[in-house]
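Understanding the architecture of this molecule
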Amino acid sequence: MKYVRDISSIILIAGVMVLFNVFVTAPYLYDVVSGAPSKIERWLETYKGWSIYLTGTSLVSALLWYVLSQWFFKLNYWAKSGKRPVWSLLIAPPLLVTAIGIVLTPAAKEGMWLVYFFYFVSALIPYYLGTALFSPSSFKYAPVGSQLLRRWW
Amino acid sequence: MAYYAIGIGGTGAKCIESLIHLCAAGLMPEPAREQAKELHVMFVDPDQGNGTLDRAQRVLQEYSTCRRVAAGGIDLFKTPVTVAVPDVWSPFAQETDPKLEDFYEHNTLESTTPNVAHLFDVLFSHQERDTPLGKGFRGHPAIGAAVLADTVDFGSVEPWMTLRSKVAQDAQSGEQAKIILFGSIFGGTGASGLPTIARLIKKELAKSKVTANYEISAVTMLPYFSFEQKNDDEMRAQAENFLINTQAALKYYARPYYLDVFDSLYVLGDHVLSPLGPSLRKLRDSGDQIDPKGGKDQLNEPHFLELYAALAAIDFFKAVSAKGVNMIARKEKGVHAWYDVPPVFRRTELLDKLDQLTRFAFAYDCTYFPTLESIATRGRPFRAPWYLNLFEGDDFVELSESLKNELLKMRDYIRDFLAWEASLQSTAKEVEMQLFNINTFAIKTTIDAKETYVLRNPDGFLVEEFANLLLPKGTQNPFALSNLWERMSDAKIDDVQARGVGRFINVLYQQCKTERYFESPTFGKEDSHAQ
């Protein structure tokens, strides 16, 4: 069924993000970050932990958006279409967790801007791609830019 | 083969209106749009200002406009309908205040042929000679027959000339032409016009050496409505005379010679005369309430028997050659349901197509048209994925222009269609009608102490009942309209003939298809027809 495909795809995107962080960005940051308050290996574990929390929050938001728009929002009344504000609001939890992560990650002397960048990527990409590509049909163009991405389905 | 439908009088116009709605639903015989045969329509009425005729003309014009939308190979509006020019023929086209004695130049007859004048005086009373006939033959078919016999001219008067040449062309090319006339048997225009015009057509075709490859039929309506009588001395149709007039007319038809002109004859009536009369036209979106008094708004509401008349026409168009005498009757005296409708189609086909068109009309009026209006004025098209796919895809549509033209005409038509259904469900009295679930899109109101139904404003439609617009109700699905939006958002169009706005119409119509009547546990098991 369509929603099985969509939900699986959203989870898959989050899974890919986690793997990307663990096997690509973490080794990259090992070479870039210096002056961490603890040993770099231990510091990277903190980084990986937060990136997984961010990706997890992003996944929860994306799944919540999907559940609401597939089973909760009904379009018997055309004026209730759109729901872009709801979609925009659901970005808030990942952003909030990102802020917390930024505050609670011990600052290193160099490379922190990259760390923060990857935190934002971990928080936003799964949510954005998951919703822009796999929102239910009635709301498939609610995510900004989804009309271009979903031109073919 | 082409089909020809002639509506005589107000009842004839109402029957034509019903036939046009069935054409819109794709119920004419040919299975596919490219095979659809043309339906040629004309009206005969001395009273060109009556509201019933006005409504039929309006529906015809809307149908023609909607049909021009390139909606591809769907059944919606599949039949090409051509309208005669002029669409309404009156024997008094050139007269401003026609009277019978002027028509026969009574004054001249008195001086030139007094015997003929005296015969004229014997046949027609002073009132019949002197009453203005601009509003019809006033329930006096003898007047109508005399006038029509003298004025129908296939040689020099339109639209008779074109009718004759088209029928002759069809017949001579080997295509069979089918001509059907609609009219009442108890009034003035229909009662006089039906046998007279049929006979004149047959005579004229014989003169043109056309004696085969055409058939003539008639749907003659027995009394089925009444109206409030005005008590004055003016000559007018009297409802209390309907039954006597009918008895006299049927005796006339029963004589063998008088039926020879018809290849088949459909006779319809109801044992209860439903009171009709002043009614509202459907409310437009502006919310204006039209004053029911006044000639233009003196409408007779559609009656379910006119649906039967339209079905009779389709039966005639479909039949190879009708034989024998067939009777139909209602199963239960106080109830009228779909199982009482004559089996012109596989029974599910009629309901499937009417249900599809009703759903289309409902969804278009309460959801899709308002959405398009909102997008045109406020933007934010992302709210409607189907809009972006169908209007801003490969075949870009200028929405603002379309909303003033094709989309608006479509809305006008579908509101007339819904109003017609509301009337069919509500006008028959002393019988429980089980045809349409009209409370979903119409509301009962009282005008001048008379109960009538008017269309709701689109935002007042009962959307949770979208799955049950025809009776009996099936499985409840309060989110059927929401499910339609979802299907529309994903729908792709394969029909290369659909272009512009027609792509949207094509997809919406197709997505409104239902075959629930196959699943109904009770439908199709009752059979009320007697042979």
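Residues numbered from 1 in each chain as written. Chains lettered and ligands numbered in written order. Predicted model: local features only at pLDDT ≥ 70, side-chain atom pairs only at ≥ 80, totals over all residues. Heavy atoms only, no water.

A few words on the pattern of salt bridges. A full pass over the atoms with the stated rule returns 20 salt bridges over all chains. The salt bridge partner of B:Asp490 is A:Lys2, with a shortest N-O separation of 3.5 Å. In this pair, B:Asp490 sits in helix α17 (residues 480-490) while A:Lys2 sits in helix α1 (residues 2-32), so the two residues belong to two different chains. For A:Lys2, a relative accessible area of 32% puts it in the partly exposed group. A salt bridge links B:Asp75 to B:Lys353; the shortest N-O distance between them is 3.3 Å. In this pair, B:Asp75 sits in the loop between α2 (51-67) and β3 (81-89) while B:Lys353 sits in helix α13 (residues 347-378), placing the two residues 278 residues apart along the sequence. Taken as a pair, B:Asp75 and B:Lys353 share a single burial class, namely buried. Because the salt bridges share partners, they merge into one network encompassing A:Lys2, A:Lys140 and B:Asp490. (Salt bridge = Lys/Arg side-chain N within 4 Å of Asp/Glu carboxyl O. Helix = DSSP H or I, 4+ residues; strand = E, 2+ residues; numbered from the N terminus. Buried < 20%, exposed > 50% of the residue type's maximum accessible area, 1.4 Å probe, protein only.)

All names here are of chain B. Strands sit in the order β3-β2-β1-β4-β5-β7 across an open sheet of six strands; the sheet is parallel. Edge positions in the open sheet fall to β3 and β7 (264-268), since each of these has one partner strand only. Across the sheet, the axes of successive neighbouring strands diverge by a mean angle of 15 degrees, strand direction being ignored. Pairing geometry for strand β2 (residues 39-44) and β3, over five bridges, is parallel. Pairing of Leu39 across the sheet is with Val81, part of β3. Sitting on the sheet, α2 is in contact with β2 and β3, with an inclination near 150 degrees to β3. (Pairing = 2+ DSSP bridges. Axes fitted to C-alpha atoms, helices over the stretch in contact; angles between N-to-C directions. Contact = heavy atoms within 4.5 Å.)

What follows deals with the packing of aromatic side chains. Within this structure, the stated rule accounts for 36 aromatic pairs over all chains. Aromatic pair A:Trp43 and A:Tyr47: ring centres 6.5 Å apart, planes at 10 degrees, arrangement stacked. Here A:Tyr47 and A:Trp43 lie together in helix α2 (residues 40-72), a separation of four residues that amounts to about one turn. Across the pair, A:Tyr47 and A:Trp43 agree in class, each one buried. Considering the side-chain rings of A:Trp87 and A:Tyr127, the 5.9 Å spacing of their centres and the 25 degrees angle between planes classify their relative orientation as stacked. A residue pair is termed long-range when its members are at least 10 positions apart, and A:Trp87 in helix α3 (residues 84-89) and A:Tyr127 in helix α5 (residues 112-134) qualify at 40 residues. Comparing A:Trp87 with A:Tyr127 shows no difference in burial state: the two are buried. The positively charged end of A:Lys83 is found above the aromatic ring belonging to A:Phe73, 5.0 Å away from the centroid. The ring of B:Phe466 is capped by B:Arg359, whose NZ or CZ atom sits 5.2 Å from the centre of that ring. (Phe/Tyr/Trp six-rings, centres within 6.5 Å; stacked < 30°, edge-to-face > 60°. Lys NZ or Arg CZ within 6 Å of the ring centre and 35° of its normal.)

At the junction of the two partners, chain A supplies 18 residues and chain B supplies 22 residues. Counting each side, the surface lost to burial between chain A and chain B is near 1900 Å², with a carbon and sulfur contribution of 53%. Looking only at chain A, the three residues that lose the most surface to chain B are A:Asn76, A:Trp78 and A:Tyr141, adding up to 37% of its buried area. Our enumeration of links across chain A and chain B arrives at nine residue pairs in polar contact (both at pLDDT 80 or more). Residues of the side of chain A that touches chain B, tallied by class, amount to six nonpolar, seven polar and five charged. (Buried area = accessible area lost by both parts, 1.4 Å probe. Polar contact = N/O pair within 3.5 Å; in protein donor to acceptor, adjacent residues only side chain to side chain. Nonpolar A, V, L, I, M, F, W, Y, C, P; charged D, E, K, R; others polar.)

Here we come to empty space enclosed by the protein. This model, assessed by the stated rule, comprises five cavities of 30 Å³ or more. When its volume is computed, the second largest cavity comes out at roughly 80 Å³. Forming the walls of the second largest cavity are A:Ser69, A:Gln70, A:Phe73, A:Lys74, A:Leu75, A:Pro136, A:Ser137, A:Ser138, A:Phe139, B:Ser482, B:Asn483 and B:Glu486. The set of elements that each furnish at least two residues to the lining of the second largest cavity consists of α2 of chain A together with α17 of chain B. If you tally residues by element for the lining of the second largest cavity, the top one is α17(B), at three residues. Class assignment of the residues belonging to the lining of the second largest cavity gives a composition of four nonpolar, six polar and two charged. (1 Å grid on protein atoms, 1.4 Å probe; cavity = no way out; pocket = protein on both sides within 12 Å on 5 of 7 lines; lining within 4 Å. Points joined across faces, edges and corners; volume = space filled by probe spheres on them.)

Residue and element names in this part refer to chain A. Interaxial distance between helix α4 (residues 92-104) and α5 falls to 9 Å at its minimum, and their mutual angle equals 155 degrees. Overall, the two elements α4 and α5 adopt an arrangement that is roughly antiparallel. Crossing angle aside, the handedness with which α4 passes α5 is right-handed. Listed contacts from α5 to Pro94, Leu95, Thr98, Gly101 and Ile102 of α4 are Tyr116, Tyr119, Phe120, Ala123 and Leu124. By residue class, the composition of the contact of α4 with α5 is eight nonpolar, two polar and no charged. (Parallel < 35°, antiparallel > 145°, perpendicular 65-115°, else oblique. Left-handed = near helix turned anticlockwise from the far one by under 90°.)

On to helix α1 (residues 9-24) of chain B. Residue and element names in this part refer to chain B. A rise of 1.5 Å per residue sets the reference length of α1, with its 16 residues, at 22 Å; its end C-alpha atoms lie 23 Å apart and thus fit the reference within 8%. The buried fraction of α1 amounts to 15 of the 16 residues, a majority that puts the element mostly inside the structure. Where α1 ends, the next residue or the one after it, Gly26, has phi of about 80 degrees, a positive value. (Expected span 1.5 Å × (residues − 1).)

Residues and elements named next belong to chain B. With six bridges joining them, strand β11 (residues 442-447) and strand β12 (residues 450-455) adopt antiparallel strand pairing. In the sheet register, Thr445 faces β12, and the bridge partner there is Thr452. Where β11 hands over to β12, the hairpin turn is made up of two residues, of which Asp448 adopts a positive phi near 50 degrees.

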